[in-house]
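# Close look at the chain arrangement
Each chain, written out:
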Amino acid sequence: MADWKSLPDTLDPDVRNLVEQLRRYKDRSGLSLAALAERTLHSKSSWERYLNGKALPPRQAVESLGRAVDADSARLAALWELAERAWSGREAPGRRAPADSPASTVATPPEATPPEATPPAGRAPARRTLLTAASILAVLALGAAAVWWWGPDDEARPRSASPSHSAAGELYTHCFQESCAGKDPKEMGCAGDAWTSALTRFHGVYVELRYSDSCKAAWSRISWGHPGDIAKVVAAEHASYQDKVHYDTDIYSPMVASATPSEARACTVLTSGAHDCTKPGGSAHLTEAPEPPASDTPRGTVRTHA
């Protein structure tokens, strides 16, 4: 049995349950952290952080550990889902977050009625009613916009729209650093402030390293490609995720945790087998890859980038 450090008292119960279960599986397997790193492709230092409650392990890491120790994958997946919700501050369905939990500190739109001294009698009720009605209308408008954006028809979404910004211009995201690993940057709201940190062109295909300062995460995006071409992002600790062009000319990968752009690279693997990567990301905001010629874009599609 490993001599584990006590987990932080501030750790959410759902995160604690996941970490304790991972510790038990690791102890029963008899694997050292170094051996676990070899079997899961997540570094020894990463597992030290995950198993001591310093960082939430990405889903891929949990699944890899489960396979390595022949654990109950369904149980681990359920524990991870609850832990990820708690870590990112999202309340689980049917469960009310305690007052001091991360969910209670999630940023909310500013209150419509500013605090003020008690107004003269006979005037405050009317003004307060008007402001409350305006607030309700604003919330309903934002809700309708969210339903329209997250509808099933991806091809109908204009590129200029951004689901991650409120009417006041604030950016709302659903993950941060480690909890973003393996997630879709658009679904997590990380595409709202994304910028190109590294760029190269390989056999006519543009390869970009995209980065979100709010999420502290990076991903790969390729443009001017062909169905089957792969966009792959590789983190400094060798964690990587990828996706391929399905029917258009561009695709983006899931994210890797990246405290700075320099901790990640964007790569592509073409259908010919040729492959190349960008340099690690820099601090300059580079010009994004241009739109492909109209003749290269399948008719009837609308290109949407993250």
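Since the structure is predicted, the reported quantities are computational estimates derived from the model, not experimental observations.

### Regarding the nonpolar core
In terms of nonpolar packing, the biggest core is built from 25 residues, with Leu 18, Leu 22, Trp 47 and Leu 65 touching the most fellow members. Elements supplying a minimum of two residues to this core: α1 (13-29), α2 (33-40), α3 (44-50), α4 (59-69) and α5 (73-88). Those residues in contact with Leu 65 that sit more than four places away from it in its chain are Leu 22, Tyr 25, Leu 36, Thr 40 and Trp 47. Counting 22 residues, the second largest nonpolar core, distinct from the first, contains Trp 195, Ala 198, Ile 222 and Ala 264.

### Some words on the packing of aromatic side chains
Each aromatic ring pair is specified by the distance between its two centres and by the angle formed by the two planes. Summed over all chains, the structure comprises three aromatic pairs. Geometrically, the ring pair formed by Trp 195 and Tyr 211 is edge-to-face, given 5.9 Å between the ring centres and 75° between the ring planes. Pair noted here: Trp 195 is in strand β1 (residues 195-202) and Tyr 211 is in strand β2 (residues 205-212), with a separation of 16 residues, a long-range link. Note on Tyr 211: relative accessible area 1%, which makes it buried. Seen from their ring centres, Tyr 206 and Trp 224 are 5.3 Å apart, and the 70° between their planes marks the pair as edge-to-face. Taken together, the residues Tyr 206 in strand β2 and Trp 224 in the loop between β3 (217-223) and β4 (230-235) connect sequence positions 18 residues apart. Over the ring of Trp 224 we find Arg 201, and its NZ or CZ is 4.9 Å from the ring centre.

### Focus on the packing of α4 against α5
Viewed as axis vectors pointing N to C, α4 and α5 meet at an angle of 155°, and their least axial separation amounts to 10 Å. Compared by their axis directions, α4 and α5 come out roughly antiparallel. The handedness of the crossing between α4 and α5 is right-handed. Between α4 and α5, the contacting residues are Arg 59, Val 62 and Gly 66 on the first element and Leu 76, Ala 77, Trp 80 and Glu 81 on the second.

### What about the pattern of salt bridges?
By the definition in use, this model includes eight salt bridges. Across the pair Arg 49 and Glu 178 runs a salt bridge, and its minimum N-O distance is 3.5 Å. One end of the pair, Arg 49, is in helix α3; the other, Glu 178, is in the loop between α6 (124-149) and β1, and 129 residues separate them in sequence. Judged by relative accessible area, Glu 178 falls into the buried class, the value being 13%. Arg 59 is the partner of Glu 81 in a salt bridge, and the nearest nitrogen-oxygen pair spans 2.4 Å. Of this pair, Glu 81 sits in helix α5 while Arg 59 sits in helix α4, placing them 22 residues apart in sequence. Relative accessible area serves as the criterion here: at 33%, Glu 81 is assigned to the partly exposed category.

### What about the packing of α1 against α4?
The N-to-C vectors of α1 and α4 enclose an angle of 30°; their axes lie 10 Å apart at closest approach. Taken together, the axes of α1 and α4 are roughly parallel relative to one another. As α1 runs across α4, the sense of the crossing is left-handed. Seen from α1, the contacting residues are Leu 22, Tyr 25 and Ser 29; seen from α4, they are Val 62, Leu 65 and Val 69. Class assignment of the residues belonging to the contact of α1 with α4 gives a composition of five nonpolar, one polar and no charged.

### A word on the state of the cysteines
Summed over the entire model, instances satisfying the criterion amount to three disulfides. Each disulfide pairs two cysteine sulfurs, and for Cys 175 the partner residue is Cys 180, the sulfurs being separated by 2.0 Å. Because the sign of the S-S torsion sets the handedness, a value of about 100° for the bond joining Cys 175 and Cys 180 places this disulfide among the right-handed ones. Accessibility classification places Cys 175 together with Cys 180 in one group, the buried group. Disulfide pairing places Cys 190 opposite Cys 215 at an S-S distance of 2.1 Å.

### A short note on the sheet that holds strand β8 (residues 264-269)
Strand order in this open sheet of four strands is β5-β4-β8-β9, and the pairing throughout is antiparallel. The open sheet has two edge strands, β5 (240-244) and β9 (275-277), and neither has a second partner. For this sheet the average axis-to-axis angle between neighbouring strands, irrespective of direction, equals 20°. Pairing geometry for β4 and β8, over six bridges, is antiparallel. Paired with Ile 230 across the two strands is Val 269, which belongs to β8.

Thresholds, definitions, all that
One numbering rule holds for all chains: residues counted from 1, following each sequence as written. With the structure being a predicted model, the display of local features is reserved for residues of pLDDT at least 70 and the display and counting of side-chain atom pairs for 80 or more, all residues being used for whole-chain, interface and lining totals. With hydrogens and water stripped out, all remaining heavy atoms of the structure feed into the side-chain values. Definition used in this section: a nonpolar core is a set of buried Ala, Val, Leu, Ile, Met, Phe, Trp, Tyr and Cys residues joined via side-chain atoms within 4.5 Å. When a residue's accessible area, from a 1.4 Å probe over protein chains only, is under 20% of the maximum for its type it is buried; when over 50% it is exposed; and in between it is partly exposed. Each helix is a run of DSSP H or I of at least 4 residues and each strand a run of E of at least 2, with the numbering of both proceeding from the N terminus. Here a residue-residue contact requires only that any non-hydrogen atoms of the pair lie within 4.5 Å. The criterion for an aromatic pair is that two Phe, Tyr or Trp rings (for Trp, the six-membered ring) have centres within 6.5 Å, with stacked assigned to planes under 30 degrees apart, edge-to-face to planes over 60 apart and tilted to the rest. Note on geometry: a ring has a charge over it if NZ (lysine) or CZ (arginine) is within 6 Å of the ring centre and within 35 degrees of the ring normal. In this analysis an axis means a line fitted to C-alpha atoms, helices contributing only their contacting stretch, and an angle means the value between N-to-C directions, from 0 to 180 degrees. Here roughly perpendicular refers to angles of 65 to 115 degrees, roughly parallel to angles under 35, roughly antiparallel to angles over 145, and oblique to all remaining angles. With the far helix as reference, a near helix turned anticlockwise by less than a right angle produces a left-handed crossing, and one turned clockwise produces a right-handed crossing. Any carboxyl oxygen of Asp or Glu that lies within 4 Å of a side-chain nitrogen of Lys or Arg is treated as forming a salt bridge with it. Each residue is assigned to one class: nonpolar for Ala, Val, Leu, Ile, Met, Phe, Trp, Tyr, Cys and Pro, charged for Asp, Glu, Lys and Arg, and polar for all the others, Gly among them. Any two cysteine sulfur atoms within 2.5 Å of one another count as a disulfide. By the convention used here, strands pair only if DSSP detects at least 2 bridges between them.

Purely geometric numbers; function is a separate question.
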